[in-house]
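One-letter residues, chain by chain:
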Amino acid sequence: MAVSILNLDSNFVFVQGGTFKMGLPDSSDVEGGDIQKPQHKVTVKDFYILKTQVTQALWYSIMDTNPSFHKDCYICPVENISWFDAQLFVEKLNKYKKGHYHLPTEAEYEYAARGGNKSHALNYSGSNDIKDVGWFEDNSDGRSHPVGQKKPNELGLVDMSGNIWEWCSDWYEMYYYKVSPSDNPQGPAMGDKKVVRGGAWLSLDEGCMVTSRGAVRPASKDKFTGFRIVRDP
């Protein structure tokens, strides 16, 4: 699945806005699930989201570098980038394409991972079996993989469970769900870490669920975190 600057816009999927239950039910006993509770109703607006994680090839076409740890695979997701690096990519892309691209909010990410208004209420993005849709600890062989090799979800999006964690725009607050607004939440006003979503090739299966969330300092870089982008309608 080769996404380039030339065919970028054709690789976005339209996500019709709607209302959904974000997070884990209170009855769930998923390990570490407290930061995914309470489940609460959230409404998001229409948006477009890239089918795949941003690849090394797409990153190179904008940034003229390849910072990835696994840099032998241009159709693999770019990684080893900070949240600030992702923001710089978006800034340059917006100047080049004269568009309105940005990182997804945490709510947009979960809504899209669940399949939007086509959701079948699955545990992972596109299946109840992580092996169908994601690269994780048991099948990844200790590295990221080319995008789009696993089954897509209800919207046609791939790798939203596993492969690499993905930066979101939101600041992280452990119990933000208790105070989150219901209409298009943007996350806390400030913080010292940013939300990451989706799980990665080193995650356990429960870490790749559509509700899974993590937190990383925005200047941090590692070989299991990258991103995808959204575009305004």
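Calculation criteria
- Residues numbered from 1 in each chain as written.
- Predicted model: local features only at pLDDT ≥ 70, side-chain atom pairs only at ≥ 80, totals over all residues.
- Heavy atoms only, no water.
- Helix = DSSP H or I, 4+ residues; strand = E, 2+ residues; numbered from the N terminus.
- Expected span 1.5 Å × (residues − 1).
- Buried < 20%, exposed > 50% of the residue type's maximum accessible area, 1.4 Å probe, protein only.
- Arc of directions from axis to C-beta.
- Contact = heavy atoms within 4.5 Å.
- Pairing = 2+ DSSP bridges.
- Polar contact = N/O pair within 3.5 Å; in protein donor to acceptor, adjacent residues only side chain to side chain.
- 1 Å grid on protein atoms, 1.4 Å probe; cavity = no way out; pocket = protein on both sides within 12 Å on 5 of 7 lines; lining within 4 Å.
- Points joined across faces, edges and corners; volume = space filled by probe spheres on them.
- Nonpolar A, V, L, I, M, F, W, Y, C, P; charged D, E, K, R; others polar.
- Core = buried A, V, L, I, M, F, W, Y, C linked by side-chain atoms within 4.5 Å.

*Asks:* Just checking my understanding: could you explain helix H2 (residues 83–97) for this structure?
*Replies:* Under the 1.5 Å per step criterion, the end-to-end length of H2 is 21 Å for 15 residues, consistent within 8% with the ideal 21 Å. Every buried residue of H2 is accounted for by Trp-83, Ala-86, Phe-89, Val-90 and Leu-93. Down the axis of H2, the sector holding all buried residues measures 110 degrees, keeping them to one side. Among the exposed residues of H2, those pointing more than 90 degrees away from its buried face are Lys-95 and Tyr-96. Those residues of H2 hidden inside the fold are in contact with helix H1 (56–63), strand E5 (101–102), strand E6 (165–171) and strand E7 (194–197).

*Asks:* What's the story with the pairing of E6 in this structure? I'm lost.
*Replies:* Two faces belong to every sheet, and in a regular strand the side chains alternate between them. Most of E6 sits out of view: 5 of its 7 residues are buried. Two strands pair when backbone bridges link them, and E6 and strand E9 (residues 225–226) are joined in this way by 2 bridges, in the parallel orientation. Paired with Glu-166 across the two strands is Gly-226, which belongs to E9.

*Asks:* Before we go on, may I ask you to explain the side chain of Ser-161 in this structure?
*Replies:* As for its placement among the helices and strands, Ser-161 is situated in the loop between helix H4 (130–133) and E6. With a relative accessible area of 1%, Ser-161 lands in the buried category. Polar side-chain contacts of Ser-161 include one of 2.9 Å to the backbone nitrogen of Ser-125. There is a polar contact of 2.8 Å between the side chain of Ser-161 and the backbone oxygen of Cys-208.

*Asks:* Even after reading the chapter, I still don't get empty space enclosed by the protein, so can you show me in this structure?
*Replies:* Unoccupied space between atoms shows up once a probe the size of one water molecule is rolled over them. Under the criterion given, the structure shown has 1 cavity of 30 Å³ or more. A volume near 40 Å³ is recorded for the largest cavity. Considering the residues around the largest cavity, the lining is formed by Met-22, His-40, Glu-106, Ala-107, Asp-170, Tyr-176, Tyr-177, Ser-180 and Pro-185. Taken together, the residues that form the lining of the largest cavity break down as 5 nonpolar, 2 polar and 2 charged.

*Asks:* Would you explain the nonpolar core in this entry?
*Replies:* The tendency in soluble globular proteins is for nonpolar side chains to be buried as a group. Within the largest apolar cluster, 26 residues are counted, with the highest numbers of intra-cluster contacts made by Leu-8, Phe-89, Trp-167, Phe-227 and Ile-229. Looking at this core element by element, the count peaks at 5 residues for H2. Residue contacts for Ile-229: discarding those within four places in its chain leaves Phe-12, Tyr-48, Ile-49, Leu-50, Phe-89, Val-90, Leu-93, Tyr-101 and His-102. The next biggest cluster of nonpolar side chains, apart from the first, holds 24 residues, and it includes Val-13, Ile-35, Leu-157 and Val-210.

Just distances and angles here, no functional claims.
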